[in-house]
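# What the coordinates show
Here is what each chain is made of, one letter per residue.
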Amino acid sequence: MSSLQDLLAKRAALEQEIEATQKRERQDAIAKVKAIMAEYGLTVADLSAKSPGQKAGVSKGTKVAPKYRNSATGETWSGRGLQPNWLKAAIASGKKLSDFAL
């Protein structure tokens, strides 16, 4: 059975080994990133630029202007997603979608 002093010494040695390994792996990762950047001619500014596939200024969850309005209650619908119940009921009663267009 190990004494407390032995266990503390082992822990200190392990912590030093962990720290050295973290530094070494971090340096290796930085070297790999630099090599890839040099291979493709990338700069730090390229890393923060938006990718070509992204639309500028459009993010998920943005509000869309309403296209349809219920004149009786003032409720609106953008035309995206499921039709609201008030619009479904009005269409079922014989009205047209174009009757609610703004």
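Above this text you will find the structure in question.
Residues numbered from 1 in each chain as written. Predicted model: local features only at pLDDT ≥ 70, side-chain atom pairs only at ≥ 80, totals over all residues. Heavy atoms only, no water.

Moving on: the pattern of salt bridges. Tallied over the full model, the rule gives two salt bridges. The residue Arg11 makes a salt bridge to Glu15 at a minimum N-O spacing of 3.9 Å. Here Arg11 and its partner Glu15 are both found in helix H1 (residues 4–40), four residues apart, which amounts to about one turn of the helix. Here Glu15 falls in the partly exposed class, since its relative accessible area comes to 47%. (Salt bridge = Lys/Arg side-chain N within 4 Å of Asp/Glu carboxyl O. Helix = DSSP H or I, 4+ residues; strand = E, 2+ residues; numbered from the N terminus. Buried < 20%, exposed > 50% of the residue type's maximum accessible area, 1.4 Å probe, protein only.)

So, on to helix H3 (residues 85–92). Regarding H3, the residues found buried are Trp86, Leu87 and Ala90. Down the axis, H3 shows its buried residues gathered within 95 degrees of arc, on one side only. Facing away from the buried side of H3 by more than 90 degrees, the exposed set consists of Asn85 and Ala92. Looking at the buried residues of H3, the elements they touch are strand E1 (68–69) and strand E2 (76–77). (Arc of directions from axis to C-beta. Contact = heavy atoms within 4.5 Å.)

Take the packing of aromatic side chains next. Within this structure, the stated rule accounts for two aromatic pairs. Arranged with centres 5.7 Å apart and planes meeting at 70 degrees, the rings of Trp86 and Phe100 form a pair that is edge-to-face. One end of the pair, Trp86, is in helix H3; the other, Phe100, is in the segment after H3, and 14 residues separate them in sequence. Of the two residues, Trp86 and Phe100, neither departs from the other in class, the shared state being buried. (Phe/Tyr/Trp six-rings, centres within 6.5 Å; stacked < 30°, edge-to-face > 60°.)

What follows concerns the nonpolar core. Ranked by size, the top nonpolar core spans six residues in total: Tyr68, Trp77, Trp86, Leu87, Ala90 and Phe100. With near-sequence residues (within four places) excluded, Leu87 lies in contact with Trp77, Leu97 and Phe100. (Core = buried A, V, L, I, M, F, W, Y, C linked by side-chain atoms within 4.5 Å.)

This paragraph deals with the side chain of Ser78. You can see Ser78 is positioned in the loop between E2 and H3. Here the side chain of Ser78 touches Arg80 through a polar contact of 3.3 Å, landing on its backbone nitrogen. Once residues lying within four places of it in the same chain are set aside, the contact partners of Ser78 are Val64, Ala65, Pro66 and Lys67. (Polar contact = N/O pair within 3.5 Å; in protein donor to acceptor, adjacent residues only side chain to side chain.)

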